[in-house]
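# Breakdown of the fold
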Amino acid sequence: MRPRRPRTDDQGMTNRVQESRRSPVMTELAFEPPTVERFGQRTSDHAPGVPGGGRIDAVDVSRRVGARKILQKLSLSVEPGELVAIAGGSGAGKSTLLEVLAGLRPPSAGEVRHDGVVVGARVSAGSRIGYVPQEDIIHLEMPLRRTLRYAARLRLPAGTSAAEADQMVEETMNDLDLADRAETPVRALSGGQRKRTSIAVELLTRPHLFFLDEPTSGLDPSTAAHVMRLLRRLSQRGVTVVLTTHEPAGIDRCDRVVFLACDGHLAFTGSPTEARRYFGVEDLAEVYDRLAREHTPQIWAERFAASRAKSNAWPGSALPPIPATRSDIKRTGTVQQWWLLTRRNVDVLLRNRLTLAVLLGSPVLVTAMMATLFKRGAFDPHSEADLGPAQVVFWIAFAGFFFGLTYGLLQIVGEMAIFRRERLTGLSVGAYVASKVTALLPVLAGVSAVLLGVLRVLGRLPAVGWDVSAALFVTMVIEATSALALGLLASAVVSNAAQAALALPMLCFPQVLFGGAIVPVDEMALPGRLMSLGLSNRHAFEALGHDLDLDRYTAAVPAMSAYRDTFHGSTSASLIALASFTVGLMLATVWVLNRRSQPGASR
């Protein structure tokens, strides 16, 4: 236990906590003289945190992945307002323990309690928990202020006015010394400023438990020290802060350190001063060397367990467990989330030069290639062996598929870290996926109209009435939307942009080979016919052929006779198939994203 102050000091501290909750401005509190108690108890080299922060208890927790145990059975507690570092070498399980303590990964055994409440399978959307992973959880294209405003409107409770959300953003930027960079694109910020921006996103909801994975990784010593001073101010304000680190300088700024040996064995927990005494070192960097070279991880864990037993300290047993309860905080509704996300997607698209290049360059390139490939009047057969009408229609159909697929492939994979974090704060997966389609659908409609219009002006399409032109446009947009849904699904499945790029040809080739133009469907082997049933390009090819009445050529031109069954009938069945693909692929994307955002899901 910590030494208790006189009642008057306690009351004064309580008043300061209440003031800090009313005003988010962080105030520097003077350090008290270091307190060092009997080894094994929860002690600190710094002043105790302000009461009111969250308490964390891990009771006999462990974590297993398959047959391998990556976190061994351990118990520890974090007091309200403490700044605690989890340290250890590579493969020690630092990030795993952090996520278990935060409730982002369920332990395979044991339980984690926040303020005595057992953490459930998923962190509640209303819980006041902040978590900053190693990856950026911010869009790099937008200015800082705009980025935080979108985050505030998504994360703050329903009913929060725009003015209140904007005020929270301004106060948070001032707290983190970012106000002078408010209009700077996040991409142009320094590494330390970007890390503070990620922290700012989490501080918008004023968490009382704050977890950070390697917050100083990749930063120069001066910037890393600045980030650690910021976290110290948070703990002094009453926020319980737990972070992973491998830097001794950062450990010295913490109240306590948890050292893990290889494979998640608890080797020590106590103040940095006690760590030096326990391991018999002057420099905490030497602890890493001792843990790696001396003894086995099991011996280190047994040695510490024996020393803790002698001190009669047993973290986690002080508070009885309380069953997890649902939060009564009402989050932003699904429809409002969809609208906010749609606006943000449009904002990001307009500011991302690479995305704009793809959006504008793809239709220009495809249109130019088709104008170069086909002659004027190519739609009218000139000989008995002429396949011009079928070829033109097929490549128009493939162009719509290509537009939708390329637009969707990079939409999710590039912001997976952002999605995971927002999902834990109550983001609707359905609203997220629907917002992607909503933002890109007008673009797909525009490029489809341009392609059809240019080909008509250049004489690559026949003169048709407005009703046929409208049918061609609708068919192409529906197909492009189904391809967009396929691209979103692929983007949700892959792990990085390189894999998404490799998926492009893999998804395009079957559409070309089994689309029904190179080899008519009726002439395919049975496996090919079955595969073609699930391809958007086949159904769009047939629908466009129906719209342009290519059936008239199948009797007049011998080479076209192989497509007699392809273009016979109406477009209804093809359009229904395309619409079904769109709905099914969107639902599959929602399912995949929901799985990937569950606690313990693979990164």
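Above: the structure in question.
Here is a short report on the structure shown in this document. (Residues numbered from 1 in each chain as written. Predicted model: local features only at pLDDT ≥ 70, side-chain atom pairs only at ≥ 80, totals over all residues. Heavy atoms only, no water.)

### Overview of helix 5 (residues 191-203)
Taking 1.5 Å as the rise per residue, helix 5 with 13 residues should run 18 Å; its terminal C-alpha atoms sit 18 Å apart, in good agreement. Of all 13 residues that make up helix 5, 11 are buried, and the element is covered over most of its length. Among all positions of helix 5, only G192, Q193, K195, R196, T197, S198, I199, A200, V201, E202 and L203 are buried. Buried positions along helix 5 lie against strand 6 (129-132), helix 3 (144-155), helix 4 (162-175), strand 7 (209-213), helix 6 (221-237) and helix 14 (416-424). (Helix = DSSP H or I, 4+ residues; strand = E, 2+ residues; numbered from the N terminus. Expected span 1.5 Å × (residues − 1). Buried < 20%, exposed > 50% of the residue type's maximum accessible area, 1.4 Å probe, protein only. Contact = heavy atoms within 4.5 Å.)

### Observations concerning the packing of helix 3 against helix 11 (residues 334-351)
When two helices pack together, their arrangement is given by the angle between their axes and by how far apart the axes lie. Packing of helix 3 against helix 11 brings their axes to within 10 Å, and their N-to-C directions diverge by 165°. As far as their axial angle goes, helix 11 and helix 3 are roughly antiparallel. Crossing of helix 3 over helix 11 shows left-handed handedness. On the side of helix 3, the interface is formed by R146, Y150, R153 and L154, while helix 11 contributes Q337, L340, L341, R343, R344, D347 and R351. Here the residues of the contact of helix 3 with helix 11 sort into 4 nonpolar, 1 polar and 6 charged. (Axes fitted to C-alpha atoms, helices over the stretch in contact; angles between N-to-C directions. Parallel < 35°, antiparallel > 145°, perpendicular 65-115°, else oblique. Left-handed = near helix turned anticlockwise from the far one by under 90°. Nonpolar A, V, L, I, M, F, W, Y, C, P; charged D, E, K, R; others polar.)

### Points about a nonpolar patch on the surface
Nonpolar side chains collect at one region of the surface, where F509, L513, I518 and V519 lie side by side and expose about 390 Å² of accessible area between them. When you line up the elements, V519 lands in the loop between helix 17 (497-513) and helix 18 (526-532). A relative accessible area of 32% places V519 in the partly exposed class. (Patch = residues over 30% accessible without salt bridge, like charges linked within 9 Å, V, L, I, M, F, W, Y side chains within 5 Å. Areas by Shrake-Rupley, 256 points an atom, 1.4 Å probe, with all protein chains shown as cover. Salt bridge = Lys/Arg side-chain N within 4 Å of Asp/Glu carboxyl O.)

### So, helix 9 (residues 285-293)
Taken together, the buried positions of helix 9 are V287, Y288, R290 and L291. One face of helix 9 carries all of its buried residues, which in axial projection span an arc of 165°. Those residues of helix 9 that are exposed and angled more than 90 degrees off the buried face are A292 and R293. Where helix 9 terminates, the next one or two residues include H295, which has phi positive at roughly 65°. (Arc of directions from axis to C-beta.)

### Details of the packing of aromatic side chains
All chains considered together, the criterion is met by 18 aromatic pairs. Taking 5.7 Å as the distance between ring centres and 80° as the angle between the ring planes, the aromatic pair formed by F259 and F279 counts as edge-to-face. You can see F259 sitting in strand 9 (residues 256-261) and its partner F279 sitting in helix 8 (residues 272-279), a full 20 residues away along the chain. The exposure class assigned to F279 is buried, which follows from its relative accessible area of 1%. The structure contains a cluster of three or more aromatic residues connected by ring pairs, namely F394, W395, F398, F401, F402, F541, Y563 and F567. Directly above the ring of Y278 sits R303, whose terminal nitrogen or CZ lies 4.8 Å from the centroid. (Phe/Tyr/Trp six-rings, centres within 6.5 Å; stacked < 30°, edge-to-face > 60°. Lys NZ or Arg CZ within 6 Å of the ring centre and 35° of its normal.)

### Structural notes on the sheet that holds strand 2 (residues 68-78)
Pairing between the strands of a sheet comes from backbone hydrogen bonds, and it takes one of two forms, parallel or antiparallel. Reading across the sheet, the 4 strands line up as 2-1-4-5 and stay open at both edges, with antiparallel pairing between neighbours. On the outer flanks of this sheet lie strand 2 and strand 5 (117-118), each paired with one strand and no other. For strand 4 (residues 109-114) and strand 5, the ladder comprises 2 bridges, and the chain directions are antiparallel. Looking at strand 5, one finds that H114 is bridged to V117. The sheet strands contacting helix 2 (residues 94-102) are strand 1 (56-65), strand 2 and strand 4, and the helix crosses strand 2 at an angle near 55°. (Pairing = 2+ DSSP bridges.)

### Things to note about the pattern of salt bridges
The full count for this structure, using the stated rule, is 24 salt bridges. A salt bridge links R146 to D347; the shortest N-O distance between them is 2.2 Å. With R146 in helix 3 and D347 in helix 11, this residue pair connects regions lying 201 residues apart in the sequence. By relative accessible area, which is 10% here, D347 ends up buried. Of the charged contacts in the structure, one is a salt bridge between E294 and R290, with a shortest N-O distance of 2.8 Å. Overall, the relative accessible area of 17% leaves R290 in the buried class. When salt bridges that share partners are traced, they join R55, D57 and E79 into one network.

### What to know about the packing of helix 19 (residues 536-547) against helix 21 (residues 572-596)
Running from N to C, helix 19 and helix 21 cross one another at 150°; their axes reach a closest spacing of 9 Å. With respect to helix 21, the axis of helix 19 lies roughly antiparallel. Every pair of crossing elements has a handedness; the one defined by helix 19 and helix 21 is left-handed. In this structure, helix 19 contributes S536, H539, A540, E542, A543 and H546 to the contact, and helix 21 contributes S574, A577, L578 and F581. A breakdown of the residues in the contact of helix 19 with helix 21 according to their chemical character gives 5 nonpolar, 4 polar and 1 charged.

### Looking at the sheet that holds strand 10 (residues 265-270)
On the basis of which strands lie adjacent, the open sheet formed by 6 strands has the order 6-7-8-3-9-10 and mixed pairing. What marks the edges here is a single partner per strand, and that holds for strand 6 and strand 10. Shown here is a sheet whose adjacent strand axes are inclined to one another by a mean of 15°, direction ignored. As paired strands, strand 9 and strand 10 are joined by 5 bridges and run antiparallel to one another.

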